[in-house]
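Descriptive structure summary
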Amino acid sequence: MTDRLPPLTLYLAAPRGFCAGVDRAIKIVEMALEKWGAPVYVRHEIVHNKYVVDDLRAKGAVFVEELEDCPDDRPVIFSAHGVPKSVPAEASRREMIYVDATCPLVSKVHIEAARHHENGLQMVMIGHAGHPETVGTMGQLPPGEVLLVETVEDVAHVEVRDPQRLAFVTQTTLSVDDTINIVAALRARFPAIVGPHKEDICYATTNRQEAVKALAPKADALLVVGAPNSSNSKRLVEVGRRAGCAYSQLVQRATDIDWRALEGIGSVGVTAGASAPEVLIEEVIDAFRARHDVTVELVETAQENVEFKVPRVLREPA
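What you see is a predicted model, and the numbers here were worked out from it, not measured in a lab.

1. A word on the packing of helix H1 (residues 20-36) against helix H2 (residues 50-59)
The angle between the axes and the distance between the axes are what describe a pair of packed helices. Here H1 crosses H2 at 5°, and the two axes come no closer than 10 Å. Taken together, the axis directions place H1 and H2 in an arrangement best described as roughly parallel. The segment H1 lies against H2, with Ile26, Val29, Glu30 and Leu33 engaging Val52, Leu56 and Lys59. Of the residues that constitute the contact of H1 with H2, the class distribution is five nonpolar, no polar and two charged.

This is the structure:
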């Protein structure tokens, strides 16, 4: 552009983008390709981001929805969202090589649910129907042992076997504020319900939402870089609106920015969901720099120094 638009301040959230679970899952696919060669099959998108999935597909990963779409003689990887117990059981029956890329913080919820079931408690799960993580967690226990609630209103109608023998878990990528209200409703209706020893909503979800709460009041608009099927990214948009930034929008990359909607504004907040790579955030920043004289200010609310090990089978010699 020859005519520069008025100066603009970009407020850049920190932390933002990739979390340790996503980083680990991507490494697992890359290391599996290095160890066994292409193709390596991945059940469901490894993480919810088109850029990441397309990049891995170009390297030789084949993404499928169900295990039945995989041949017996090639490795298969289970996505970071987790899978029902029946999936690895079927892979074992077919004598397949499989690697579980489930985020360790999702696996923690699976272990909680199994422990409560062993103690004779029926589970209530706070989550979104149909989301792969919810499907995977509910699939850890027999049918009927996990009851799903999505809203405070659902709590009033859920039918339990014994109100004295209940526990709850949550999806790891929910809105912290929404979940607090649903938990309060559960405790009010079922005073004996047992909660997790530690919050199920993961550190990355919580930290990114807190960063948006700090950033949103400063900005005339908020852009969240993330995929439309990414739960944690969509929650960031909702948090931004509630925190005072009425124009909070999800964009997959810079080409999705609605420049007309941003005409005349002086500041934009930028963040990214936990499955969005930094390259897409840089792409958005560069798009603003091509139009405006930009000042970037970091809004930092937490430090993250988390790393999860990949499975041992990938660290062993071929």
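There's plenty left to go through after this.
2. Quick word on the environment of Pro71
Within the secondary structure, Pro71 sits in the loop between strand E3 (61-64) and strand E4 (76-78). Considered as a pair, Pro71 and Arg94 are 23 residues apart in the sequence and their alpha carbons are 9.5 Å apart. Those residues within four positions of Pro71 in sequence are excluded, and the remaining contacts are Tyr41, Arg94 and Met96.

3. Here's the deal with the packing of aromatic side chains
Summed over all chains, the structure comprises two aromatic pairs. Relative to Phe288, the ring of Trp259 lies with its centre 4.9 Å away and its plane at 70°, an arrangement referred to as edge-to-face. Linking Trp259 in the loop between strand E10 (248-251) and strand E11 (267-272) with Phe288 in helix H10 (residues 278-289), this pair joins segments that are 29 residues apart in sequence. Accessibility expressed as a relative area gives 1% for Phe288, which makes it buried. Directly above the aromatic system of Trp259 lies the positively charged group of Arg291, at a separation of 4.1 Å from the ring centroid.

4. Things to note about helix H7 (residues 176-189)
With 14 residues, H7 should reach 20 Å at 1.5 Å per residue; the first-to-last C-alpha distance of 20 Å fits that figure. Listing the buried residues of H7 in full gives Val176, Thr179, Ile182, Val183, Ala185 and Leu186. Among the structural elements, strand E6 (122-126), strand E7 (146-149), helix H6 (152-157), strand E8 (166-170) and helix H8 (203-215) are those in contact with the buried residues of H7.

5. Notes on the environment of Gly269
Following the sequence through the fold, Gly269 ends up in strand E11. Taking C-alpha positions, Gly269 is 7.3 Å from Ala13, a pair spaced 256 residues apart along the chain. Residues in contact with Gly269, not counting those within four places in the same chain, are Tyr11, Leu215, Ala219, Ala221, Leu222 and Leu223.

6. Topic: the packing of H8 against helix H9 (residues 231-242)
Viewed as axis vectors pointing N to C, H8 and H9 meet at an angle of 30°, and their least axial separation amounts to 9 Å. Between H8 and H9, the interaxial angle falls into the category roughly parallel. For H8 against H9, the interelement crossing comes out right-handed. Between H8 and H9, the residues in contact are Thr205, Arg208, Gln209, Val212 and Lys213 and Asn232, Arg235, Leu236, Val239 and Gly240, respectively. Here the contact of H8 with H9 is composed, by residue class, of three nonpolar, four polar and three charged.

About the cut-offs
- Residues numbered from 1 in each chain as written.
- Predicted model: local features only at pLDDT ≥ 70, side-chain atom pairs only at ≥ 80, totals over all residues.
- Heavy atoms only, no water.
- Axes fitted to C-alpha atoms, helices over the stretch in contact; angles between N-to-C directions.
- Helix = DSSP H or I, 4+ residues; strand = E, 2+ residues; numbered from the N terminus.
- Parallel < 35°, antiparallel > 145°, perpendicular 65-115°, else oblique.
- Contact = heavy atoms within 4.5 Å.
- Nonpolar A, V, L, I, M, F, W, Y, C, P; charged D, E, K, R; others polar.
- Phe/Tyr/Trp six-rings, centres within 6.5 Å; stacked < 30°, edge-to-face > 60°.
- Buried < 20%, exposed > 50% of the residue type's maximum accessible area, 1.4 Å probe, protein only.
- Lys NZ or Arg CZ within 6 Å of the ring centre and 35° of its normal.
- Expected span 1.5 Å × (residues − 1).
- Left-handed = near helix turned anticlockwise from the far one by under 90°.

By themselves, these are just geometric observations and shouldn't be taken as functional.
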